[in-house]
Amino acid sequence: QVQLVESGGGLVQPGGSLRLSCAASGFTFSNYRMNWYRQAPGKERELVAFITNAGGSKYYADSVKGRFTISRDNAKNTVYLQMNNLKLEDTAVYYCNVRVGGMDYWGKGTLVTVSS
């Protein structure tokens, strides 16, 4: 069964950094694009970034471009999201996502709170 477990969230001041991790299991990780989404209070879930299976292509939402970096380690079945220069509006629950066999799988999320 597909499992995704996020970690690395926490409380950080504006301008600070965090690194999120998502450990994946139950599927051939190196075959799939991996996605990071976030959901802020009272808002819809939005795609933040994705990385293709071999890491050759990456996408970033305009709101995080230049501040966030997605990466993956296929030997460790893990995808990362390095978040720098965090802003108040980055406060959200961050979710790891993969689509396998036409089905979307989600982790439970990790909370990132940016506050002074």
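Only a predicted model underlies this, so the values are computations on that prediction, with no experimental measurement involved.

About the thresholds
- Residues numbered from 1 in each chain as written.
- Predicted model: local features only at pLDDT ≥ 70, side-chain atom pairs only at ≥ 80, totals over all residues.
- Heavy atoms only, no water.
- Core = buried A, V, L, I, M, F, W, Y, C linked by side-chain atoms within 4.5 Å.
- Buried < 20%, exposed > 50% of the residue type's maximum accessible area, 1.4 Å probe, protein only.
- Helix = DSSP H or I, 4+ residues; strand = E, 2+ residues; numbered from the N terminus.
- Contact = heavy atoms within 4.5 Å.
- Pairing = 2+ DSSP bridges.
- Axes fitted to C-alpha atoms, helices over the stretch in contact; angles between N-to-C directions.

(A) Structural detail: the nonpolar core. Ranked by internal contacts, the top residues of the largest apolar core, which has 31 residues, are Leu81 and Tyr94. At the level of elements, β3 (18–25), β4 (34–39), β5 (46–51), β7 (68–73), β8 (78–83), β9 (92–100) and β11 (110–114) are the ones that each hand at least two residues to this core. Here this core takes 5 residues from β9, the largest share from any one element. When near neighbours in sequence (up to four residues on either side) are disregarded, Tyr94 contacts Glu6, Leu20, Trp36, Tyr37, Arg38, Val48, Phe68, Leu81, Met83, Gly109, Thr110 and Val112.

(B) Molecular detail of the pairing of β5. Where β4 meets β5, 5 bridges bridge the pair, whose relative direction is antiparallel. Residue pairing for β5: Tyr37 is matched across the bridge by Leu47. Connecting β4 to the antiparallel partner β5 that follows it, the hairpin turn spans 6 residues, and Gly42 within it adopts a positive phi of roughly 75°. Two elements, β5 and strand β6 (residues 58–60), share 3 bridges in a ladder whose sense is antiparallel. Considered in β6, the bridge of Phe50 is made with Tyr59.

(C) Geometry of the sheet that holds β7. The strand order across the open sheet formed by 4 strands is β1-β3-β8-β7, and the pairing between neighbours is antiparallel. Taken across any chain shown, the strands that pair with only one partner, and hence form the sheet edges, are β1 (3–7) and β7. Ignoring strand direction, the axes of neighbouring strands in this sheet form an average angle of 15°. Where β3 meets β8, 6 bridges bridge the pair, whose relative direction is antiparallel. From the neighbouring strand, Leu18 faces β8, where its bridge partner is Met83.

(D) Unusual backbone geometry, seen in detail. In this structure, Asn77 takes a positive phi of about 55° despite not being glycine. As for its placement among the helices and strands, Asn77 is situated in the loop between β7 and β8. A positive phi angle, close to 50°, is found at Asn85, a residue other than glycine. Structurally, Asn85 is set in the loop between β8 and β9. We classify Asn85 as partly exposed; its relative accessible area is 42%.

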